[in-house]
Amino acid sequence: MSIPTILTIKEMRQLVWRWKSDDKRVGFVPTMGALHSGHLKLVEHLSEHCEKVVVSIFVNPLQFGPNEDFSRYPRTLPDDLRLLETVKADAVFCPNSSEIYPKGFQTIVSNKELSGRLCGQFRPGHFDGVLTVVNKLFQAVSPNFAAFGKKDFQQFKMIQRMVTDFCMPIEVLGMETIREQDGLALSSRNRYLSSEQREQAPLIFAGLNDAKKAWKAGEKTTAKLTEIFQLSVSKCNEMKIQYCDIVDSENLNPLDGIIEEGIAPVMIVAVVYNDVRLIDNLELGV
Ligand code: AMP
């Protein structure tokens, strides 16, 4: 049987209301589609926590900057629906833009501190767009649980923050990054890579891994650890590091100098490879 595809907030709410009145717990995975095994893992994981799982597919215009890839972002709905059947998702919410942003829409969710850090320095307005749409999707689905990938570590932490700050009755779960065998983090944007770029892209994870090995071997100086990452990426001339920061994984506070005992650091990076921007991160102490 094919998965019900829901187009409106009203229908979505009715379905969830029926499930909840039948004592079913609802899990939710927001996505922008072009699904891969990383997305599917989130669905599978949620199925262990709840009886019903909703996946949304919405390429959110509000989180793309004017010169970003909104128009070329891959849209592969028929394939996505087939993949979601393999993991037995219970409903797919595919609203169109005017359902989410009706005429006159003007209320934005914004994080005062974290929006401007890490990716936020290079993508102004991006996280306002993310928080606003996730807030709106949460209103439509009213999930008990929501799963996010740590591949987008900053996004995951900012959503946890929003849920706490707004007292939303939702448990936010963070899932480990799913990678190709050679270490490249799965991403819908990997489709943009040429075969040569695809061959070189694992240098990013290799650099993160080298830094983690050094951390485990006792290197605690942020400059040394970032140098180790830079060394790996410098093997490919066309790859430019947009940023490589080490932050406290609890609160994304920047770490500089010698990392104190008791802090769990995460190295977060963005690399621009010709016109493709790739992000990744690794929790050094885990
Ligand atoms: P996106 O469709 O890129 O907006 O991603 C939807 C969700 O899937 C987000 O919570 C992402 O963090 C998560 N995700 C994307 N790629 C991966 C991956 N390689 N491993 C785990 N989660 C992922």
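Definitions and cut-offs
Residues numbered from 1 in each chain as written. Predicted model: local features only at pLDDT ≥ 70, side-chain atom pairs only at ≥ 80, totals over all residues. Heavy atoms only, no water. Axes fitted to C-alpha atoms, helices over the stretch in contact; angles between N-to-C directions. Helix = DSSP H or I, 4+ residues; strand = E, 2+ residues; numbered from the N terminus. Parallel < 35°, antiparallel > 145°, perpendicular 65-115°, else oblique. Contact = heavy atoms within 4.5 Å. Nonpolar A, V, L, I, M, F, W, Y, C, P; charged D, E, K, R; others polar. Phe/Tyr/Trp six-rings, centres within 6.5 Å; stacked < 30°, edge-to-face > 60°. Buried < 20%, exposed > 50% of the residue type's maximum accessible area, 1.4 Å probe, protein only. Lys NZ or Arg CZ within 6 Å of the ring centre and 35° of its normal. Salt bridge = Lys/Arg side-chain N within 4 Å of Asp/Glu carboxyl O. Near = heavy atom within 4 Å. Polar contact = N/O pair within 3.5 Å; in protein donor to acceptor, adjacent residues only side chain to side chain. Areas by Shrake-Rupley, 256 points an atom, 1.4 Å probe, with all protein chains shown as cover. Domains from an automatic or database assignment. Buried area = accessible area lost by both parts, 1.4 Å probe.

(A) Inspection of the packing of helix α1 (residues 9–21) against helix α6 (residues 126–141) at higher detail. With their axes 7 Å apart at the nearest point, α1 and α6 run at an angle of 50 degrees to one another. Taken together, the axes of α1 and α6 are oblique relative to one another. In this structure, α1 uses Ile 9, Met 12, Arg 13 and Val 16 to contact α6, whose residues at the interface are Lys 136, Gln 139, Ala 140 and Val 141. Each residue belonging to the contact of α1 with α6 can be placed in one class, and the counts come to 5 nonpolar, 1 polar and 2 charged.

(B) Spatial organisation of the packing of aromatic side chains. Applying the stated criterion to the full structure yields 8 aromatic pairs. With a centroid separation of 5.9 Å and 75 degrees between ring planes, the pair formed by Phe 64 and Tyr 73 is classed as edge-to-face. Its relative accessible area of 10% is what places Phe 64 among the buried residues. Relative to Phe 105, the ring of Tyr 101 has its centre 5.0 Å away and its plane inclined at 80 degrees; by these criteria the two rings are edge-to-face. Within the aromatic cluster, the residues linked to one another by ring pairs are Phe 28, Phe 138 and Phe 148. Sitting above the plane of the Tyr 192 ring, Arg 72 keeps its charged end 3.9 Å from the centroid. It is Lys 220 that lies over the ring of Trp 215; its NZ or CZ is 3.6 Å from the centre.

(C) Region of the structure containing the pattern of salt bridges. Counted under the stated rule, the structure contains 11 salt bridges. Asp 79 is paired through a salt bridge with Arg 82; the nearest N and O atoms lie 2.6 Å apart. You can see Asp 79 and its partner Arg 82 sitting in helix α3 (residues 77–86), 3 residues apart, about one turn around the helix. Among the salt bridges present, the one from Arg 179 reaches Asp 280, with a minimum N-O distance of 2.9 Å. With a gap of 101 residues between them, Arg 179 in the loop between β6 (171–175) and α8 (195–200) and Asp 280 in strand β9 (residues 276–283) connect regions that are remote in the sequence. Owing to a relative accessible area of 22%, Arg 179 belongs among the partly exposed residues under this scheme.

(D) Representation of the site of the ligand. Close contacts around the ligand come from 17 residues, with Met 32, Gly 149, Asp 152, Ile 178 and Leu 186 the closest. Met 32 has a polar backbone atom sitting 2.9 Å from an oxygen atom of the ligand. Within the side chain of Asp 152, one N or O atom sits 2.6 Å away from an oxygen atom of the ligand. Considered on its own, the ligand offers 480 Å² of accessible surface; in the complex 92% of this is hidden by protein. Only β2 (26–31), α2 (37–49) and β5 (145–149) provide two or more residues apiece to the shell around the ligand. The greatest single-element share of the shell around the ligand, amounting to 3 residues, is contributed by α2. A class-by-class count of the residues in the shell around the ligand yields 7 nonpolar, 7 polar and 3 charged.

(E) Focus on unusual backbone geometry. A positive phi angle, near 50 degrees, is found at Ala 34, a position not held by glycine. If you trace the backbone, Ala 34 turns up in the loop between β2 and α2.

(F) How the structure looks around the domain arrangement of the protein chain. Assigned domains of the protein chain: these are domain 1 (5–175) and domain 2 (188–283). Between domain 1 and domain 2, the C-alpha centre-to-centre distance is 26 Å. Between domain 1 and domain 2 lies a buried interface of about 2000 Å² when both sides are counted; carbon and sulfur atoms form 53% of it. A per-residue breakdown of the area domain 1 buries against domain 2 is headed by Arg 72, Leu 118 and Phe 153, which together make up 30% of the total. Counting the contacts that link domain 1 with domain 2 gives 3 salt bridges. We note a salt bridge from Glu 283 to Lys 150, for which the minimum N-O separation is 3.3 Å. Inspection of the domain 1/domain 2 interface yields 12 residue pairs in polar contact (both at pLDDT 80 or more). Of all the secondary-structure elements, those providing two or more residues to the side of domain 1 that touches domain 2 are α5 (119–122) and α7 (153–165). Looking at the side of domain 1 that touches domain 2 residue by residue, the class counts come to 10 nonpolar, 6 polar and 8 charged.

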